[in-house]
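Summary of structural features
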Amino acid sequence: MQIGWIHVVDFRNYRTLEYSPTPRLNLLIGPNAQGKTNLLEALGMLIAGRSFRTSRLAEMPRWGVERSTISGELVRGDGSAGRRVVRRTLTKREDDRWQNAGESVEWARVIAFGWQDLEIINGAPGARRNFIDGFAGRLYPTHLAALVRYRQILARRNRLLQQHAHGDDAAARLQPWNEQLAAVGMELMDRRRKAVAALQTELARIYRALSTTRSKVEVRYWTALGEATEPAALLAALNRTQRAELRRGQTLVGPHRDDLAIEIDGVDARAFASRGQQRLVALVLRLAEVLPVAEAAGTAPVLLLDDALSELDPGVRELVLRELGAAEQVFLTSPETLAVKGAAVFQVNAGGIAPV
Amino acid sequence: MAYYPEPVARLIDALQRLPGIGPKTAQRLTFFLLKRPADEVRELSESLVAVKDKIVYCRTCFNVTDEDPCRLCADPARDARLLCVVEEPNDLLAMERTGEYRGRYHVLLGALSPLDGVGPDDLKVRELLARIEAGAVEEVILATNPNVEGEATALYLAKLLRPLVLRVTRIARGLPVGGDLEYADQVTLSKALEGRREIS
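Residues numbered from 1 in each chain as written. Chains lettered and ligands numbered in written order. Predicted model: local features only at pLDDT ≥ 70, side-chain atom pairs only at ≥ 80, totals over all residues. Heavy atoms only, no water.

**Remarks on the domain arrangement of chain A**
Residue and element names in this part refer to chain A. Domain boundaries in chain A define domain 1 (1-109 + 299-356) and domain 2 (126-298). Between domain 1 and domain 2, the C-alpha centre-to-centre distance is 28 Å. Between domain 1 and domain 2, the contact holds 20 residues from the first and 19 residues from the second. Between domain 1 and domain 2, the buried area comes to about 1700 Å², and carbon and sulfur atoms account for 64% of it. Considering only the surface of domain 1 that becomes buried against domain 2, Arg109, Glu311 and Glu323 emerge as the three largest contributors, covering 34% of it. Here domain 1 and domain 2 share three salt bridges between them. Where arginine 205 meets glutamate 323, a salt bridge forms, and the shortest distance between an N and an O atom there is 3.2 Å. Applying the counting criterion to the domain 1 and domain 2 interface returns seven residue pairs in polar contact (both at pLDDT 80 or more). Where the side of domain 1 that touches domain 2 is concerned, the elements lending two or more residues are strand 11 (302-305) and helix 9 (314-325). When residues in the side of domain 1 that touches domain 2 are grouped by element, the largest group, five residues, is from helix 9. Grouping the amino acids of the side of domain 1 that touches domain 2 by side-chain chemistry returns 11 nonpolar, two polar and seven charged. (Domains from an automatic or database assignment. Contact = heavy atoms within 4.5 Å. Buried area = accessible area lost by both parts, 1.4 Å probe. Salt bridge = Lys/Arg side-chain N within 4 Å of Asp/Glu carboxyl O. Polar contact = N/O pair within 3.5 Å; in protein donor to acceptor, adjacent residues only side chain to side chain. Helix = DSSP H or I, 4+ residues; strand = E, 2+ residues; numbered from the N terminus. Nonpolar A, V, L, I, M, F, W, Y, C, P; charged D, E, K, R; others polar.)

**A look at the sheet that holds strand 9 (residues 259-264) of chain A**
Residue and element names in this part refer to chain A. If you trace the three strands from one edge of the open sheet to the other, you get 8-9-10, paired in antiparallel fashion. Taken across any chain shown, the strands that pair with only one partner, and hence form the sheet edges, are strand 8 (217-222) and strand 10 (267-268). Contacts from helix 8 (residues 275-297) reach strand 8 and strand 9 within the one sheet, and its direction differs from that of strand 9 by about 120°. (Pairing = 2+ DSSP bridges. Axes fitted to C-alpha atoms, helices over the stretch in contact; angles between N-to-C directions.)

**Here's the deal with the interface of chain B and chain A**
With 26 residues of chain B in contact, the opposing surface of chain A contributes 20 residues. With both chains or domains summed, chain B and chain A bury close to 1900 Å², and 60% of this area falls on carbon and sulfur atoms. Contact with chain A buries surface across chain B, with Pro114(B), Leu115(B) and Val148(B) losing the most and accounting together for 35% of the total. Applying the counting criterion to the chain B and chain A interface returns two salt bridges. Taken together, the links from chain B to chain A amount to nine residue pairs in polar contact (both at pLDDT 80 or more). Those elements that provide at least two residues to the side of chain B that touches chain A are helix 2 (23-35), helix 7 (148-161) and helix 8 (186-194) of chain B.

**Some details on the pattern of salt bridges**
Residues and elements named next belong to chain A. Counted by the stated rule, this structure contains 37 salt bridges over all chains. Its salt-bridge partner being arginine 62, residue aspartate 10 comes within 2.9 Å of it at the nearest N-O pair. Of this pair, aspartate 10 sits in strand 1 (residues 2-11) while arginine 62 is found in the loop between helix 1 (36-48) and strand 4 (67-75), placing the two residues 52 residues apart along the sequence. This pair shows no difference in class: aspartate 10 is buried, exactly as arginine 62 is. A single salt-bridge network, built from bridges that share partners, covers Arg12, Glu41, Arg53, Arg56 and Glu59. (Buried < 20%, exposed > 50% of the residue type's maximum accessible area, 1.4 Å probe, protein only.)

**A word on the packing of aromatic side chains**
Residues and elements named next belong to chain A. Applying the stated criterion across every chain yields a total of four aromatic pairs over all chains. Each ring, one from tyrosine 19 and one from phenylalanine 346, has its centre 4.8 Å from the other, and the planes form 80°; the classification is edge-to-face. Of this pair, tyrosine 19 sits in strand 2 (residues 14-19) while phenylalanine 346 sits in strand 13 (residues 344-349), and the two are 327 residues apart along the sequence. In this structure, tyrosine 19 and phenylalanine 346 share a single accessibility class: buried. Each residue in the set Tyr19, Phe331 and Phe346 is aromatic and connected to the rest through ring pairs, giving one cluster. (Phe/Tyr/Trp six-rings, centres within 6.5 Å; stacked < 30°, edge-to-face > 60°.)

**Remarks on the sheet that holds strand 6 (residues 167-170) of chain B**
Residues and elements named next belong to chain B. Judged by pairing direction, the sheet is parallel, and its four strands sit side by side in the order 4-3-5-6 without closing on themselves. Since the sheet does not close on itself, it has two edges, and those belong to strand 4 (103-107) and strand 6, each with one partner. For this sheet, the mean inter-axis angle between neighbouring strands, taken without regard to orientation, is 25°. Sheet topology places strand 3 (residues 79-86) next to strand 5 (residues 139-142); four bridges connect them, and they run parallel.

**Re helix 1 of chain A**
Residues and elements named next belong to chain A. Relative to the 18 Å expected for 13 residues at 1.5 Å per residue, helix 1 spans 18 Å between its end C-alpha atoms, a close match to the ideal helical length. When you tally the buried positions in helix 1, you get 11 out of 13 residues, the bulk of the element. Turning to helix 1, its buried residues are Lys36, Asn38, Leu39, Leu40, Glu41, Ala42, Leu43, Gly44, Met45, Leu46 and Ile47. One or two steps after helix 1, the chain reaches glycine 49, where phi turns positive at roughly 75°. (Expected span 1.5 Å × (residues − 1).)

**Things to note about a nonpolar patch on the surface**
All names here are of chain B. Where nonpolar side chains cluster on the molecular surface, the patch consists of Val51, Ile55, Tyr57 and Val64 and spans about 340 Å² of accessible area. Within the secondary structure, valine 51 sits in helix 3 (residues 38-54). According to the relative accessible area criterion, valine 51 is partly exposed, its value standing at 48%. (Patch = residues over 30% accessible without salt bridge, like charges linked within 9 Å, V, L, I, M, F, W, Y side chains within 5 Å. Areas by Shrake-Rupley, 256 points an atom, 1.4 Å probe, with all protein chains shown as cover.)

**Focus: the packing of helix 4 (residues 143-163) of chain A against helix 7 of chain B**
Where helix 4 of chain A meets helix 7 of chain B, the closest approach of the two axes is 10 Å, and the angle between their N-to-C directions is 60°. It follows that helix 4 of chain A is oblique to helix 7 of chain B by the angle criterion. Between helix 4 of chain A and helix 7 of chain B lies a crossing whose hand is right-handed. The residues of helix 7 of chain B that touch helix 4 of chain A, namely those facing Arg149(A), Gln152(A), Ile153(A) and Arg156(A), are Val148(B), Glu149(B) and Glu151(B). (Parallel < 35°, antiparallel > 145°, perpendicular 65-115°, else oblique. Left-handed = near helix turned anticlockwise from the far one by under 90°.)

**A look at the environment of Thr144(B)**
All names here are of chain B. Within the secondary structure, threonine 144 sits in the loop between strand 5 and helix 7. Linking threonine 144 and arginine 10, residues 134 residues apart in sequence, is a C-alpha distance of 37 Å. If sequence neighbours within four positions are ignored, threonine 144 has contacts with Val85, Glu87, Leu108, Gly150, Thr153, Ala154, Arg170 and Ile171. Polar side-chain contacts of threonine 144 include one of 2.8 Å to the backbone oxygen of glycine 150.

**Observations regarding the side chain of His256(A)**
Residues and elements named next belong to chain A. Secondary-structure assignment places histidine 256 in the loop between helix 6 (231-248) and strand 9. Overall, the relative accessible area of 19% leaves histidine 256 in the buried class. Among the polar contacts made by the side chain of histidine 256, one reaches the side chain of tyrosine 150 at a distance of 2.8 Å. With residues near it in sequence (within four places) discarded, histidine 256 still touches Arg129, Tyr150, Leu154 and Thr251.

Next up, the structure:
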């Protein structure tokens with residue numbers, strides 16, 4: 001799929017912006033703090049209705065406004081399979097909270113890469129869970145709704161654990177939450193495992209194509225429940241750990257405690273990889289999403305790559321650009337001009353954009 | 001608010017405490033009321049007081065009523081073998097509007113909600129058990145909301161009730177009738193698929 005055009009009003013540092021990208025590689029160049037990442041965020045909002053940078057809506061509207069809008073045209077495949085004009089608005093409500101409105105387009109998908117993705121490699125387990133949940137959500141549209149429900153159940157169960165640390169009826173009170181946690185938790189774990197499996201083949205292929213070494217990258221899903229796939233296994237684990245949970249006042253087993261093991265030649269990537277190598281692995285993880293997501297959605301996703309080439313060797317940059325040449329619509333930001341054959345180059349400057 | 005005369009400020013303040021009403025709406029309502037004829041406003045204020053004075057909870061089913069027991073509990077035509085458990089009086093009214101259900105009700109006056117500190121003792125659970133122990137009920141239909149609190153409440157009650165009553169059932173989750181499949185959200189659709197039935 002592609003974005004045909006986008007019209008942004010009062011979003012981040014943009015008052016108004018109209019931009020018609022090309023259906024292939026779009027290079028967005030300009031000095032720092034001119035709005036390159038903000039533009040990527042707007043493009044992502046247009047497609048997915050959510051920001052890849054933040055979950056706080058109040059951060060996105062331009063300072064002082066009551067409403068910000070992003071509208072544009074989403075094109076499926078080469079355009080013969082459908083076009084949809086969508087409009088998304090962020091509106092400040094009477095109680096000062098922001099409301100996000102807009103329809104969802106069932107085939108529209110976006111994959112974003114930014115500096116924060118380094119966290120997937122060397123950050124806390126939460127960053128890896130977010131990564132796999134984001135990917136699983138692009139493959140299976142019900143995944144994010146299940147995740148929201150899981151978090152609701154977890155918050156209530158944890159509160160109950162804190163309130164009833166000494167109560168003798170704790171087990172009876174926890175039971176309805178245990179059952180729900182086990183059912184939704186196993187649903188999440190199942191889809192995360194499928195997502196990891198879908199990533200594997202592409203990950204190996206792309207890493208070999210981009211790195212100048214013969215190393216092999218692997219991702220595995222890690223859970224305290226091992227290979228179990230039945231909610232009963234999670235329910236049993238909850239019952240086993242209940243005493244410790246009551247003492248700590250939090251739920252100690254479930255998908256919210258799981259992790260991904262990311263290894264290069266069998267060694268934990270964060271342990272030995274150099275920063276450049278870690279950045280490359282993070283980028284490859286995102287690029288490996290492309291084919292499975294395209295198959296699930298029936299059309300290729302749009303790629304938003306924020307400063308994806310920095311800290312990479314010149315030789316590796318060339319290989320990344322060659323790989324991107326094979327993708328559908330790509331937006332790549334860079335602080336410096338790059339010579340890329342076939343790319344449309346746009347200069348981003350102080351909240352405006354112009355073709356170079 | 002310093003600019004408003006005291007009675008105006010007081011009404012704005014009172015309206016603001018209602019759910020879904022912010023300062024702007026409260027102001028708008030206040031100035032709307034100021035322009036209305038006096039009897040109309042008196043009528044409104046009297047009905048506000050009356051609702052608090054005359055309405056009680058039915059001692060059997062805990063529906064809101066102006067007579068105790070309520071009309072539904074007093075009606076001999078209602079099937080005492082069927083008992084539908086709902087969270088709030090509103091849910092009971094929704095069930096009644098279907099015109100299909102001829103059994104009796106039990107209103108819990110809430111749902112299990114650890115975040116609000118609502119446990120089983122804060123709901124009309126003991127009263128529900130007492131009604132079932134009295135004998136006549138053969139099937140309990142758990143019609144709590146399909147959100148996490150409602151689901152937890154249903155699971156909790158199911159476990160308590162199973163040894164006491166012949167059948168414990170949960171209302172189905174699925175598609176709205178008259179809707180289009182293509183407009184159904186994915187979660188509802190997958191739940192509807194889970195709960196599919198053989199067609200005869």
